[in-house]
Amino acid sequence: MYILICGAGLVGISLAQKLVELGHTVGIIDSDPNACRYAREQIGVMAFEGSAVSTDVLLEAGIRKANALAAVLRSDALNLALVTLAKHYGVSQILSRLRHPDFAQPLRLSGASHIISTVDLSVSTMVNAIEYPQVESMMHFEQGQIEVLKLSIADNSYVAGRTLAQIAQDGKFPKGSLIIGYQPHPNEDLMIPNGSTMLESGSTVLIATKPGLLRPIIDFMQGSESPKK
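Residues numbered from 1 in each chain as written. Predicted model: local features only at pLDDT ≥ 70, side-chain atom pairs only at ≥ 80, totals over all residues. Heavy atoms only, no water.

- Taking an unreviewed UniProt entry as the reference, the chain is identified by name as TrkA family potassium uptake protein belonging to Planktothricoides raciborskii FACHB-1370.

Spelled out as structure tokens, the structure:
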């Protein structure tokens, strides 16, 4: 895929580096010549110096052939203008960083397919780390309507030695939750489990659930005895 990143700040540069590692072709636009030089020499991407909301610069950077565009400019107003232009030029995937919530709906109406609030993500991550220290990591989907958390299974856990079918049939297992990933040991690949998959102590699971069920699912999966109803 050809991905165009508009903005060579910390987020833009880090995103470009990760996408290159994944094998994508990346172009980056920024008005700072030093940032463009760094992108070319240190990351190995194409860099175009100029305003990312200039049609001439966008066309030079190949926006017509871009499969995706990431708007990570320094202001929401500029990102909004960029999203509008990207939509005009037919980019199918348009991602935008969001700073102020008032711009969320305008960005969506202008054609942004994904809107990422860096402030909300940071706050949510910190709150979850404080509230649920036993959770190794947590991701949010659909504006926080679904949470995917990574949990380890302790030796004395109630679910250790039980299959997913047995766990799902347990009346105390929070309904609306689903175990979607299983890693038997840290040096093994993550797998998609089925009903016969048995959870071993020391293993790791990925669980999809709703925000209101975070505490019950954590207590159920990591408790040493069957939770009370």
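1. Some points on the packing of aromatic side chains
Move 1: Scanning all chains against the criterion turns up 2 aromatic pairs.
Move 2: Ring centres of Tyr158 and Phe220 lie 5.6 Å apart, and the angle between their planes is 85°; on these two criteria the pair is classed as edge-to-face. Remark: Phe220 occurs in helix α8 (residues 214-222) and Tyr158 occurs in the loop between β8 (146-152) and α7 (164-169); sequence separation between them is 62 residues.
Move 3: With centroids separated by 5.4 Å and ring planes inclined at 75°, the aromatic side chains of Phe173 and Phe220 adopt a geometry described as edge-to-face. Taken together, the residues Phe173 in the loop between α7 and β9 (178-183) and Phe220 in helix α8 connect sequence positions 47 residues apart. Neither residue differs from the other here; Phe173 and Phe220 are each classed as buried.
Move 4: An aromatic cluster of three or more residues is present, and its members are Tyr158, Phe173 and Phe220.
Move 5: We note Lys65 situated over the ring of Tyr2; from NZ or CZ to the ring centre the distance is 5.2 Å. (Phe/Tyr/Trp six-rings, centres within 6.5 Å; stacked < 30°, edge-to-face > 60°. Helix = DSSP H or I, 4+ residues; strand = E, 2+ residues; numbered from the N terminus. Buried < 20%, exposed > 50% of the residue type's maximum accessible area, 1.4 Å probe, protein only. Lys NZ or Arg CZ within 6 Å of the ring centre and 35° of its normal.)

2. Section: the sheet that holds strand β5 (residues 93-98)
Move 1: Here 6 strands make up an open sheet; going across it, the order is β3-β2-β1-β4-β5-β6 and the pairing parallel. Of all the strands in the sheet, the pair left with one neighbour each is β3 (46-49) and β6 (114-117). Strand-to-strand twist in this sheet, taken as the mean axis angle between neighbours without regard to direction, amounts to 15°.
Move 2: Here strand β1 (residues 2-6) runs beside strand β2 (residues 25-30); their pairing, made up of 5 bridges, is parallel. Among the inter-strand pairings, Leu4 is bridged to a residue of β2, identified as Gly27.
Move 3: Docked against the sheet, helix α1 (residues 10-21) engages β1, β2, β4 (68-71) and β5, running at close to 165° with respect to β2. (Pairing = 2+ DSSP bridges. Axes fitted to C-alpha atoms, helices over the stretch in contact; angles between N-to-C directions. Contact = heavy atoms within 4.5 Å.)

3. With respect to the UniProt feature "domain: RCK N-terminal" (unreviewed entry) in the chain
Move 1: UniProt annotation of "domain: RCK N-terminal" (unreviewed entry) refers to residues 1-116 when read in the numbering used here.
Move 2: Within the segment residues 1-116, helix and strand shares are 42% and 24% respectively, and the terminal C-alpha atoms sit 21 Å apart. (UniProt positions renumbered as here; feature names shortened; annotations may be inferred.)

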